[in-house]
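# Secondary and tertiary structure notes
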Amino acid sequence: MDKLVKRLRSKLLENPAVTIKKADIWHIPVIIYSVAFHRVKRSKMDILMKMMLLTFKQAQIRRAANLSELLLVEELFIEDLLKKMQRMGLISLEKGIYQLTSKGQEQVNTGIMEEELKEESAELSYSPLHDEIWPGMTELLPEGNVELPLYRYADDDNLIDEDQILQVLAERDTGVDEDGFQTVVGAVNSFDQQEVEHVPCLEFLLYNKEQDIYYARVWNHWLGRWDETLEKQIEEKERLEWRKSLI
């Protein structure tokens with residue numbers, strides 16, 4: 001940490017008009033969540049499946065043999081497709097007759113077939129102060145960061161919600177494979193808090209005598225860069241006091 005402080009101070013003082021009036025170190029909380037979710041595989045519905053679904057809508061079909069004769073397709077192939085459609089929730093067997101479900105009707109209308117895949121899990125890091133989900137750290141947190149004082153404007157009111165998690169997972173885990181299938185995150189099944197990480201931040205209060213301004217710079221160890229969100233918050237709350245007390 002000492003090497004980092006020295007490097008940052010040197011960088012800030014490259015401008016001879018700038019002086020460091022105060023320096024401090026504190027931590028902000030980052031909450032680690034365990035998330036369970038499932039993906040959905042999307043593909044363009046083939047002609048045979050669409051014909052079968054439309055047939056269920058227009059006629060009473062009781063057996064695979066009926067469809068096989070009607071569509072001139074091998075019965076074993078029809079049976080496999082019927083099992084797949086039932087598994088996907090596109091059709092149901094009611095009183096011995098295959099019926100189109102609302103999900104099946106929707107997919108017939110769009111021409112896009114959606115197949116739910118197995119549940120997966122992921123770990124996400126959420127900063128309540130920024131109301132953001134952050135990428136994983138590139139460097140380990142230094143030892144002793146738990147003993148650092150909490151950021152004076154820390155606020156625990158922000159809570160993560162399912163829509164935020166879904167958006168992040170969707171942006172990170174959507175893709176198209178070589179067969180043209182699009183895989184997207186369909187839903188978040190659950191998310192549970194696991195632990196809270198204490199992220200060190202280095203704060204510098206600076207004065208530029210040429211411009212006659214005070215301003216803050218805050219180095220966020222997790223992000224590995226200057227944190228404009230925290231800098232703006234500190235300046236909004238304290239700039240008037242700096243002018244009164246440091247002139």
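Quantities reported herein were computed from a predicted structural model and do not represent experimental measurements.

## Here's the deal with a negative patch on the surface
There is a patch of like negative charges on the surface, built from Glu69, Glu74, Glu75, Glu79 and Asp80. Ranked by the residues each element gives to the negative patch, the list is headed by helix α4 (residues 75-87), at three residues. By the secondary structure assignment, Glu75 is in helix α4. Under the relative-accessibility criterion, Glu75 is labelled partly exposed at 34%.

## Some details on the side chain of Glu238
Residue placement: Glu238 occurs in helix α7 (residues 228-246). Take Glu238: its relative accessible area is 11%, and that puts it in the buried class. Excluding anything up to four places from it in sequence, Glu238 contacts Arg152 and Tyr153.

## Quick notes on the pattern of salt bridges
Evaluation of the coordinates by the stated rule reveals seven salt bridges. Among the ionic pairs, Glu203 bridges to Arg152, the shortest N-O distance being 2.7 Å. Taken together, the positions of Glu203 in strand β7 (residues 182-208) and Arg152 in the loop between β5 (132-134) and α6 (162-172) put the pair 51 residues apart, joining distant regions of the chain. Its relative accessible area of 37% is what places Arg152 among the partly exposed residues. Through salt bridges with shared partners, a single network forms among Arg152, Glu203 and Glu238.

Quick notes on the rules
Residues numbered from 1 in each chain as written. Predicted model: local features only at pLDDT ≥ 70, side-chain atom pairs only at ≥ 80, totals over all residues. Heavy atoms only, no water. Patch = residues over 30% accessible without salt bridge, like charges linked within 9 Å, V, L, I, M, F, W, Y side chains within 5 Å. Areas by Shrake-Rupley, 256 points an atom, 1.4 Å probe, with all protein chains shown as cover. Salt bridge = Lys/Arg side-chain N within 4 Å of Asp/Glu carboxyl O. Lys, Arg positive; Asp, Glu negative; His and termini not counted. Charge placed at Lys NZ, Arg CZ, Asp CG, Glu CD. Helix = DSSP H or I, 4+ residues; strand = E, 2+ residues; numbered from the N terminus. Buried < 20%, exposed > 50% of the residue type's maximum accessible area, 1.4 Å probe, protein only. Contact = heavy atoms within 4.5 Å.

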